[in-house]
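Below are the chains, spelled out letter by letter.
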Amino acid sequence: KKEVQYGPVSPEKRTDPAMEKWRDNRFGQFIHWGLYAIPAGYWKGKYYKGAAEWLKSWAKVPMNEWAKLAEEFNPEQYDPEEWASMAKQMGARYVVLTTKHHEGFCLWPSQYTDFDISNTPYQKDLLKPFVEAYNKAGIDVYFYYSVLDWYHPDWRYALKSEEDKQAFERFKTFTKNQLSELIERYPSVKGFWFDGTWDASWKASGQFSYELEKHMKQLKPGLIINSRMRADEWGSRHFDSNGQMMGDYASGWERKLPTDTSVLHNDWEACMTVPENQWGYHKNWEGHVKTPTELIEMMVRCTALSGNFLLNFGPKEDGSIREEEQLLVKEIGNWMEQYGNAIYNCAYAGLEKQDWGYFTREPGSKTVNMVVCNIPVNKALRIQLPKNLFIQHYEYMGKPLSKLTLEEIGKNEYFIHLGKVKTKQPFVINIQLTSEK
Ligand SMILES: C#C[C@@H]1N[C@@H](C)[C@@H](O)[C@H]1O
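First, a word on what this report is: a plain description of the structure on this page. For clarity, every value in this text was computed on a predicted model and none was experimentally measured.

Regarding the overall build of the protein chain
Within the protein chain one finds 10 helices and 18 strands. With the C-alpha coordinates aligned to their principal axes, the bounding extent of the protein chain is approximately 75 × 50 × 35 Å. Counting only residues that meet the buried cut, the protein chain has 58% of its 437 residues in that class. By element, 50% of the accessible surface of the protein chain is carried by carbon and sulfur atoms, the whole surface being about 18,400 Å².

Written as structure tokens, this is what we have:
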């Protein structure tokens, strides 16, 4: 074991109401919105297939040129009430909005930089009406904040000289000031989603990130912060040098999902793009665009392994939402209306996973949700229960799709026979378990 002084600030499994609500939420909406939505993946007429919010990097645009985008940022169609009602329709229980991405542009009027919404034709604070609209819709608001800041003169990738160190000290103060400012200006914020923390300069700032997490949680008790914010004093990220998670949930699952129960030890969240790799708005999505059904199955897999699923939206420069994302609101919203109770407040059911889909369960409940994503060719769903459990009752959640029959095929082993089922979407069967035969 290594001596770690600047590791976790909070217990690895918080039991306070704010964290319980984070778990119960299960399904969130990620929103990436910034100046990058203006060029939307094209620069001087050239198409760049990389992630649109990284266009400045792909097209090697000097910052003084990129910053000029602020002079044309004027999202007149921005309607956070509309965004919030879409998120509610989709069934998202929380939202994570980019307050500042790597480009360094702030969606709020920050007293610590001139590179913010106040120096655009739009001028008005974008965050305040956003927070109000989402809170009014009953959706918890989290702020994404990038430590990596391509605009700030004191940002350093690495600390190679005394000058670097002095500059980065100023940068750390700037970062602490902005985060304090965000908490003070928007006190209903539930937590922070840190990003841009992979460079050597931040990995060398473990003590600072420890003290910053403490400071933020003193400013707002109950605040929830992702593991990606943190390094320990040895430069170990997300988990300290002894494997203890830092922050309040593991957030390394970016565009990928866990496949086994090893994740159960900590709270965790997977964030997901609709195309292969676009977070900010890109005019032309290349390659595979995930269908609503694919994304529903990913969300179910996260719940089944006691994790959260954060689905990304990238609004256009004018604040409007693209067709493909409007389709997700409708399709995922319909599914959540009928089957949301297999997601909200649910977690790992403690049963052996089967090929036909996933078990989810509200902790402590006798009801287990079977979310069927792959109907076996023999139309029989295998269930293997622990030796002291039996099935007492079974039925479809919501609209019955067929007549179900139960067959005991071995010790605490069953088939639920589906009969003739026609469906295009995953569906749910509830089973009641009992310890009496
Ligand atoms: C790399 C990278 C960043 N992390 C994702 C959550 C997006 O913000 C992307 O730009």
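Still more to cover.
Description of the site of the ligand
Around the ligand, the surrounding shell consists of H32, E53, W54, H101, H102, Y144, W193, D195, W198, E254 and W279. Within the contact set of the ligand, an oxygen atom lies 2.8 Å away from a side-chain nitrogen or oxygen of H101. In isolation the ligand exposes 290 Å². Once the protein is present, 88% of that is buried. Tallied by class, the residues present in the shell around the ligand amount to five nonpolar, three polar and three charged.

Observations regarding helix α5 (residues 127-136)
All buried positions along α5 are accounted for by L127, F130, V131, A133 and Y134. Relative to the axis of α5, the buried residues are bounded by an arc of 165° and lie together on one face. Packed against the buried residues of α5 are β1 (27-31), α4 (80-90), β4 (94-100), β5 (140-146) and α6 (162-185). Positive backbone phi, approximately 80°, marks G138, located one or two places after α5.

Looking at unusual backbone geometry
Notably, H238 is not glycine yet its phi reads approximately 65°, a positive angle. In this fold, H238 is placed in the loop between β7 (224-225) and β8 (250-254). We note that N345 has phi near 60°; this positive angle belongs to a residue other than glycine. As for its position among the elements, N345 is in the loop between α10 (323-339) and β11 (347-348).

Focus: α10
If you check α10, its first and last C-alpha atoms are 24 Å apart, about what 17 residues at 1.5 Å a residue would give, namely 24 Å. Of the residues making up α10, those classed as buried are E325, L328, V329, I332, G333, W335, M336 and Y339. Buried residues along α10 sit in contact with β1, α4, α9 (292-304), β10 (308-313), β13 (367-372) and β18 (427-434).

Here we look at the packing of aromatic side chains
Two numbers describe a pair of aromatic rings. These are the distance of the centres and the angle of the planes. Throughout the structure, instances matching the rule amount to 37 aromatic pairs. Taken together, W33, F73, Y78, W83, F105, F115, Y122, F130, Y134 and Y151 form an aromatic cluster joined through their ring pairs. Sitting above the plane of the W234 ring, K2 keeps its charged end 4.3 Å from the centroid. Here the guanidinium or amino end of R322 rests over the ring plane of W285, the centre of that ring lying 3.8 Å away.

Side note on the pattern of salt bridges
Within the structure shown, the criterion is met by 24 salt bridges. In this structure, the salt-bridge partner of K44 is E65, at a minimum N-O distance of 2.5 Å. With K44 in the loop between β2 (42-43) and β3 (46-47) and E65 in helix α3 (residues 63-66), the pair connects residues that are 21 residues apart, well separated along the chain. According to the relative accessible area criterion, K44 is exposed, its value standing at 67%.

Section: the packing of α6 against helix α8 (residues 206-219)
The geometry of α6 relative to α8 is characterised by a closest axis approach of 10 Å and an angle of 20° between their N-to-C directions. By the criterion of interaxial angle, the relationship of α6 to α8 is roughly parallel. The interaxial crossing formed by α6 with α8 has right-handed handedness. In this structure, α6 contributes K172, T175, K176, L179, S180, I183 and E184 to the contact, and α8 contributes F208, L212, H215, M216 and L219. For the contact of α6 with α8, the class distribution of residues is six nonpolar, three polar and three charged.

Description of the sheet that holds strand β14 (residues 380-384)
Strand pairing in a sheet relies on backbone hydrogen bonds. The paired strands run either parallel or antiparallel. One open sheet holds the three strands; their spatial order is β14-β17-β16, and the pairing between them is antiparallel. Looking at strand neighbours, the two that pair on one side only are β14 and β16 (405-410), the edges of this open sheet. Averaged over neighbouring strand pairs, the angle between their axes works out to 25° when direction is ignored. Inspection of the sheet shows β14 paired to strand β17 (residues 413-417) by five bridges, in the antiparallel sense. Within β17, the position partnered with I383 by the bridge is Y414.

A short note on the side chain of T113
By the element assignment, T113 lies in the loop between β4 and α5. At 3.0 Å, the side chain of T113 and the backbone nitrogen of F115 are in polar contact. Those residues in contact with T113, other than ones at most four positions away along the chain, are C106, Y151, F174 and Q178.

Concerning the sheet that holds strand β15 (residues 390-396)
The sheet built from five strands is open, its strands ordered β11-β12-β13-β18-β15 with antiparallel pairing. Edge positions in the open sheet fall to β11 and β15, since each of these has one partner strand only. Where β11 and strand β12 (residues 357-361) come together, two bridges link them in antiparallel fashion. Paired with A347 across the bridge in β12 is R361. Strand contacts of α9: β11, β12 and β13, with the helix running at about 50° to β12, the strand carrying the most contacts.

Here we look at the state of the cysteines
All chains considered together, the criterion is met by zero disulfides. Of the cysteine sulfurs around C271, a residue in no disulfide, the closest is that of C302, at 10 Å. Under the relative-accessibility criterion, C271 is labelled buried at 1%.

Digging into the pairing of β18
Within β18, seven of the eight residues are buried, which leaves the element mostly enclosed by the surrounding structure. Pairing between β13 and β18: six bridges, direction antiparallel. In the sheet register, M370 faces β18, and the bridge partner there is I429. Summarising the sheet, β15 and β18 pair through six bridges and their orientation is antiparallel. By the bridge assignment, Y396 is partnered in β18 with I429.

Calculation notes
- Residue positions are given per chain, counted from 1 along the sequence in the order it is written.
- Confidence filtering applies because this is a predicted model: local features only for residues at pLDDT of at least 70, side-chain atom pairs given and counted only at 80 or more, and all residues used for totals across whole chains, interfaces and linings.
- Excluding hydrogens and water, the side-chain figures rest on all heavy atoms present in the structure.
- Helix numbering and strand numbering both begin at the N terminus, where a helix is a DSSP run of H or I of at least 4 residues and a strand a DSSP run of E of at least 2.
- Whether a residue is buried, partly exposed or exposed follows from its accessible area with a 1.4 Å probe, protein chains only, as a fraction of its type maximum: under 20%, in between, or over 50%, in that order.
- With residues, only the protein chains shown are counted as cover, and all accessible areas are computed by Shrake-Rupley using a 1.4 Å probe.
- Here a residue is near a molecule or strand as soon as one of its heavy atoms is found within 4 Å of it.
- Polar contact is defined as a pair of N or O atoms within 3.5 Å, subject to the rule that within protein one atom must be able to donate a hydrogen and the other to accept it, and that residues adjacent in sequence are counted only when both atoms are side-chain atoms.
- Each residue is assigned to one class: nonpolar for Ala, Val, Leu, Ile, Met, Phe, Trp, Tyr, Cys and Pro, charged for Asp, Glu, Lys and Arg, and polar for all the others, Gly among them.
- By construction, the arc corresponds to the directions joining the helix axis to the C-beta atoms.
- Residue contacts are defined here by distance: any two heavy atoms, one from each residue, within 4.5 Å place the two residues in contact.
- Expected span of a helix, by definition, is 1.5 Å for each gap between consecutive residues, and there is one gap fewer than residues.
- Aromatic pairing here means that ring centres of Phe, Tyr or Trp (its six-membered ring) are within 6.5 Å. Orientation follows from the plane angle: under 30 degrees is stacked, over 60 is edge-to-face, and everything else is tilted.
- As a reminder, the over-ring test applies to NZ of lysine and CZ of arginine, requiring each to be within 6 Å of the ring centre and within 35 degrees of the ring normal.
- Only one rule defines a salt bridge in this text: a Lys or Arg side-chain nitrogen within 4 Å of an Asp or Glu carboxyl oxygen.
- Inter-axis angles, ranging from 0 to 180 degrees, are taken between N-to-C directions of lines fitted to C-alpha atoms, where helices are fitted over the stretch in contact.
- In these notes the angle categories are as follows: under 35 degrees is roughly parallel, over 145 is roughly antiparallel, 65 to 115 is roughly perpendicular, and the rest is oblique.
- Crossing chirality is assigned from the near helix's rotation relative to the far helix, an anticlockwise turn below a right angle marking it left-handed and a clockwise turn marking it right-handed.
- Strands pair, by our definition, only if DSSP identifies at least two bridges between them.
- The rule for a disulfide is simple: a pair of cysteine sulfur atoms within 2.5 Å.

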